[in-house]
Amino acid sequence: MQIPADAGYIDVVRICLTGIAAKQGFAYEEIEDMKVAVSEACSNAVLHGSGESNAEPVDVTFEPLDTGLTVRVVNYGMSFDHTSARQEASPIQGGSTSDLRVGGLGIYLMEALMDVVRMSSDQGKTEVVLTKYRHA
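Residues numbered from 1 in each chain as written. Predicted model: local features only at pLDDT ≥ 70, side-chain atom pairs only at ≥ 80, totals over all residues. Heavy atoms only, no water.

1. Concerning helix H1 (residues 10-23)
So the rule is basically this: Strands are runs of DSSP state E lasting at least 2 residues, helices are runs of H or I lasting at least 4, and numbering of each runs from the N terminus. Working rule for helices: expected span equals 1.5 Å times residues minus one. Relative accessible area decides the class of each residue, using a 1.4 Å probe on protein chains only: under 20% of the type maximum gives buried, over 50% gives exposed, and in between gives partly exposed. By construction, the arc corresponds to the directions joining the helix axis to the C-beta atoms. We call two residues in contact whenever any of their non-hydrogen atoms come within 4.5 Å of each other.
Here H1 spans 20 Å end to end across 14 residues, near enough to the 20 Å set by a 1.5 Å rise per residue. Those residues of H1 lying buried are Ile10, Val13, Leu17 and Ala21. Taken around the axis of H1, the buried residues stretch over an arc of 60 degrees, which confines them to a single face. Across from the buried face of H1, at angles greater than 90 degrees, the exposed residues are Ile15 and Lys23. Buried residues in H1 make contact with strand E1 (2-3), helix H2 (28-49), strand E2 (58-64) and strand E3 (68-75). In the stretch just after H1, Gly25 is the one whose phi turns positive, near 90 degrees.

2. Overview of the nonpolar core
Our working rule: Only buried residues count toward a nonpolar core. Its members are Ala, Val, Leu, Ile, Met, Phe, Trp, Tyr and Cys residues joined through side-chain atoms within 4.5 Å.
Core analysis: the biggest nonpolar cluster contains 28 residues, and Met34, Leu69, Val71, Met110 and Leu130 have the highest contact counts within it. The element that contributes the greatest number of residues to this core is H2, accounting for eight residues. Excluding residues that lie within four positions of it along the chain, Val71 makes contacts with Leu17, Val38, Val60, Thr61, Phe62, Val128, Val129 and Leu130.

3. Brief notes about the environment of Arg134
Cut-off, in case you're wondering: Pairs of N or O atoms within 3.5 Å make up the polar contacts considered here, provided that, within protein, one atom can donate a hydrogen while the other can accept it, and that residues adjacent in sequence are counted only when both atoms are side-chain atoms.
Summarising the element assignment, Arg134 is placed in the segment after strand E5 (125-133). A residue is classified by how much of its surface remains accessible, and Arg134, at 28% relative accessible area, is partly exposed. Separated by 109 residues in sequence, Arg134 and Gly25 place their C-alpha atoms 7.6 Å apart. For Arg134, the contacting residues outside a window of four places in its chain are Gln24, Gly25, Phe26, Glu30, Leu65, Asp66, Thr67 and Gly68. A distance of 3.3 Å separates a polar atom in the side chain of Arg134 from the backbone oxygen of Gln24.

4. Considering the side chain of Ser39
Along the chain, Ser39 falls in helix H2. Residue contacts for Ser39: discarding those within four places in its chain leaves Ile10 and Arg14.

5. Some remarks on the pattern of salt bridges
Note the threshold: Here a salt bridge means any side-chain nitrogen of Lys or Arg lying within 4 Å of a carboxyl oxygen belonging to Asp or Glu.
All told, the structure shown has three salt bridges when counted by the stated rule. Arg72 is the partner of Glu63 in a salt bridge, and the nearest nitrogen-oxygen pair spans 2.7 Å. Here the salt bridges share partners, and the residues they tie into one network are Glu63, Arg72 and Glu127.

6. Quick word on the side chain of Lys35
Position of Lys35 among the secondary structure elements: in helix H2. Taking the relative accessible area as the measure of exposure, Lys35 reaches 13% and is therefore buried. A polar contact is formed between the side chain of Lys35 and the side chain of Glu32, at a distance of 3.1 Å. Those residues in contact with Lys35 that lie beyond four places of it in its chain are Arg14, Leu17 and Thr18.

7. Notes on the sheet that holds strand E4 (residues 116-122)
Note the following rule: Here, any two strands with at least 2 DSSP bridges between them count as paired. Each axis is a line fitted through C-alpha atoms, taken for helices only over the stretch in contact, and angles between the N-to-C directions span 0 to 180 degrees.
The sheet built from five strands is open, its strands ordered E1-E2-E3-E5-E4 with antiparallel pairing. Whereas interior strands pair on both sides, the edge strands pair on one side only; in this sheet they are E1 and E4. Sitting on the sheet, H1 touches E1, E2 and E3, and the angle it makes with E2 is about 5 degrees. Of the strands in this sheet, E4 and E5 touch helix H4 (residues 105-113), which is tilted by about 140 degrees from E4.

This is the structure we're talking about:
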């Protein structure tokens, strides 16, 4: 599916994901985890990959597997250094809100909630591939 590079359309992706994952027999908790992870990937695609008003749409592909589901999120904005971003990704740290840094939590959440997370970025195309296996 293809959505406009607009955060308001991420709910459409979540609805589709819910339907597909339910048909595949995922447990409620697994579906909720996937919704958070895929929402983060889509949010990053909209925010970082599509900064212009005439931005390219975001491509989202659902690939059912025998044992799970892969979701591919692709945007065509500026490339980013996903290796550095992944190294800096961490859970919330600090004793107060003034100690918190901006960013980094999305990648951490994707990796914590999904079984496999792959990222690649090259020449204006960034792809995030998220896979969840059925554990129930």
